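# Coordinates in review
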Amino acid sequence: MLARIRSRCIGGQSDAACGETPTEYGRPIAVPVSRIRRVLPSPEEYRWFRAPGRVNLMGDHTDYNGGLVLPIAIGLECVVAVRPRDDGEVSLRSLDVVEDDWTRYVDAVREVIAPARGVDGVLASSVPPGSGLSSSAALEVAVALALGGGGLAPVELALACQRAEHLATGVPSGVMDQLASVASRADRALLIDCRSLELRYVRIPDDAAIVVVHSGVPRTLERSAYSERRAACEQIATVLGLGSLRDATLDQVLDEPLARHVVTENARVEQTAAALEIGNIVRVGELMLESHASLRDDYRVSTPELDLLVEQLVSAGAHGARLTGAGFGGCVVAIAPRKTATDIARVFPTAWTFEAANGAGPLSQP
Ligand code: GLA
């Protein structure tokens, strides 16, 4: 049984409804820190923590197959401010509807972190839920830090938060989102080997703009075929006599579209890292287009809206684009020369241009 937690939601829609805060995808644009400061009588009595969302540049549906991924942390984040309380209770309120039934995530994080002390606090998030930008991982990691999880090694913290995600949703997701939120570094993409959990940092070339556009179609992993895809991949690996599809060769999976995606996508992660390292963003764009085609045709997780966005982004000047995250809705990520990012923003007024951000941690003097 999960521990019961007193949590409630205030603000959110009502902020927007009373015209105080402009919203974007139903989420106030103002940064979470300033919104939390406004509702705390004495903010300096609180300890503050932040955890970013992520956008994955390459390597989707590879993490749970023991494969490779290449995300960056982004400037959208979940922030939690807490102060200790003596009775061991965890009482958080949220300024946003951070997720459907968001308290189950807090509950699950408490379960895995087993904090020594209780806390009172407030949280807010600028990561839109259902966008494929890891709103739930940002929530889990920020809450885990607020409950004392910062004492864990980064990989352990990410694994604990992945367990919390499984507990909260029942979806057997991989570790990419939580590890990206915990371990990312500014100006770098994070190459994660999801079998060994080794991390490598890959510099993003200065002339590259990472542009993200929301399809407007929200996705929830629970309602998607995510679990079915994972089970099918494990089944194929078993038939091939392999521990995971990470060990499959292209020859072994030529007639298995799901496994073919995984094998070719792992190769594209390595090729993308190599292209970024030599500053060849045209090549990164080509690889993104190949990845999107593979996710669309072999892994079958795209939608007509995502396919159209990919085409439109290329017409607007991007070198390439692909769906990012689980698919079935959510966002498209593109790579473009910095000088064309403003042209793209003219075509897509709601596009974000993200710099690779630092991973989660405490905030001093917010
Ligand atoms: C979701 C999951 C991740 C990963 C991606 C697809 O974001 O949480 O673990 O599997 O989908 O790459």
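Residues numbered from 1 in each chain as written. Predicted model: local features only at pLDDT ≥ 70, side-chain atom pairs only at ≥ 80, totals over all residues. Heavy atoms only, no water.

## Focus on the sheet that holds strand β13 (residues 331-337)
Within a sheet, neighbouring strands are paired by backbone hydrogen bonds and run either parallel or antiparallel to one another. Within the open sheet, the 4 strands sit side by side as β12-β13-β11-β14. Their pairing is antiparallel. The strands lining the two open edges of the sheet, one partner per strand, are β12 (320-323) and β14 (352-354). Ignoring which end each strand starts from, the neighbouring axes of this sheet average 25 degrees apart. Bridge count for strand β11 (residues 208-214) against β13 is 7 bridges, and the pairing is antiparallel. Among the inter-strand pairings, V213 is bridged to a residue of β13, identified as V332. The sheet strands contacting helix α9 (residues 281-297) are β11, β12 and β13, and the helix crosses β12 at an angle near 35 degrees. (Pairing = 2+ DSSP bridges. Helix = DSSP H or I, 4+ residues; strand = E, 2+ residues; numbered from the N terminus. Axes fitted to C-alpha atoms, helices over the stretch in contact; angles between N-to-C directions. Contact = heavy atoms within 4.5 Å.)

## A look at the sheet that holds strand β10 (residues 198-203)
Here we have 3 strands laid out as an open sheet, ordered β5-β9-β10, and antiparallel in their pairing. Single-partner strands in this sheet number two, and they are β5 (68-69) and β10. With 2 bridges connecting them, β5 and strand β9 (residues 188-193) associate as antiparallel partners. Note on β9: the bridge partner recorded for V69 is I192. Those strands touched by helix α8 (residues 257-277) are β5, β9 and β10, and its axis lies near 40 degrees from that of β10.

## Re the packing of α9 against helix α10 (residues 304-315)
The relative placement of two packed helices is expressed as an angle between their axes plus a distance between the axes. It is the contact of α9 with α10, at a shortest axis distance of 11 Å, that shows an interaxial angle of 165 degrees. Of the possible angle classes, the one that applies to α9 and α10 is roughly antiparallel. Judged by the twist between their axes, the crossing of α9 over α10 is left-handed. Contact residues: α9 offers L289, H292 and R296, while α10 offers L306, D307, V310 and V314. Of the residues contributing to the contact of α9 with α10, the split by class is 4 nonpolar, 1 polar and 2 charged. (Parallel < 35°, antiparallel > 145°, perpendicular 65-115°, else oblique. Left-handed = near helix turned anticlockwise from the far one by under 90°. Nonpolar A, V, L, I, M, F, W, Y, C, P; charged D, E, K, R; others polar.)

## Digging into the pairing of strand β4 (residues 47-56)
For β4, the buried fraction is high: 9 of the 10 residues fall into the buried class. Summarising the sheet, β4 and strand β6 (residues 71-85) pair through 9 bridges and their orientation is antiparallel. From the neighbouring strand, R50 faces β6, where its bridge partner is V79. Relative to strand β15 (residues 361-363), β4 runs antiparallel, the two being bridged by 3 bridges. Across the sheet, F49 pairs through a bridge with P362, a residue of β15. (Buried < 20%, exposed > 50% of the residue type's maximum accessible area, 1.4 Å probe, protein only.)

## As for the site of the ligand
Taken together, the neighbourhood of the ligand is formed by R54, D60, H61, D63, Y64, S173, G174, M176, D177, Y226, G325 and A326. H61 places a polar main-chain atom, nitrogen or oxygen, 2.7 Å from an oxygen atom of the ligand. A distance of 2.6 Å separates an oxygen atom of the ligand from a polar atom in the side chain of D63. Here the ligand loses 98% of its free accessible area of 310 Å² to cover by the protein chains. When atoms are counted within 2 Å of each cavity's grid points, the one that captures over half of the ligand is the largest cavity. A class-by-class count of the residues in the shell around the ligand yields 4 nonpolar, 4 polar and 4 charged. (Near = heavy atom within 4 Å. Polar contact = N/O pair within 3.5 Å; in protein donor to acceptor, adjacent residues only side chain to side chain. Areas by Shrake-Rupley, 256 points an atom, 1.4 Å probe, with all protein chains shown as cover. 1 Å grid on protein atoms, 1.4 Å probe; cavity = no way out; pocket = protein on both sides within 12 Å on 5 of 7 lines; lining within 4 Å. Sits in = over half its atoms within 2 Å of the grid points.)

## Digging into the domain arrangement of the protein chain
By the assigned domains, the protein chain splits into domain 1 (5-202) and domain 2 (204-354). Once you take the C-alpha centre of each, domain 1 and domain 2 turn out to be 23 Å apart. Between domain 1 and domain 2, the residue contacts involve 43 residues of the former and 47 residues of the latter. Together, the buried faces of domain 1 and domain 2 total about 3800 Å²; carbon and sulfur atoms form 61% of this surface. The interface formed by domain 1 and domain 2 includes 4 salt bridges. A salt bridge links R246 to D193; its shortest N-O distance comes to 2.9 Å. Listing elements by their share of the side of domain 1 that touches domain 2, those giving two or more residues are β4, β5, β6, β9 and β10. Of the residues in the side of domain 1 that touches domain 2, the class split is 18 nonpolar, 14 polar and 11 charged. (Domains from an automatic or database assignment. Buried area = accessible area lost by both parts, 1.4 Å probe. Salt bridge = Lys/Arg side-chain N within 4 Å of Asp/Glu carboxyl O.)

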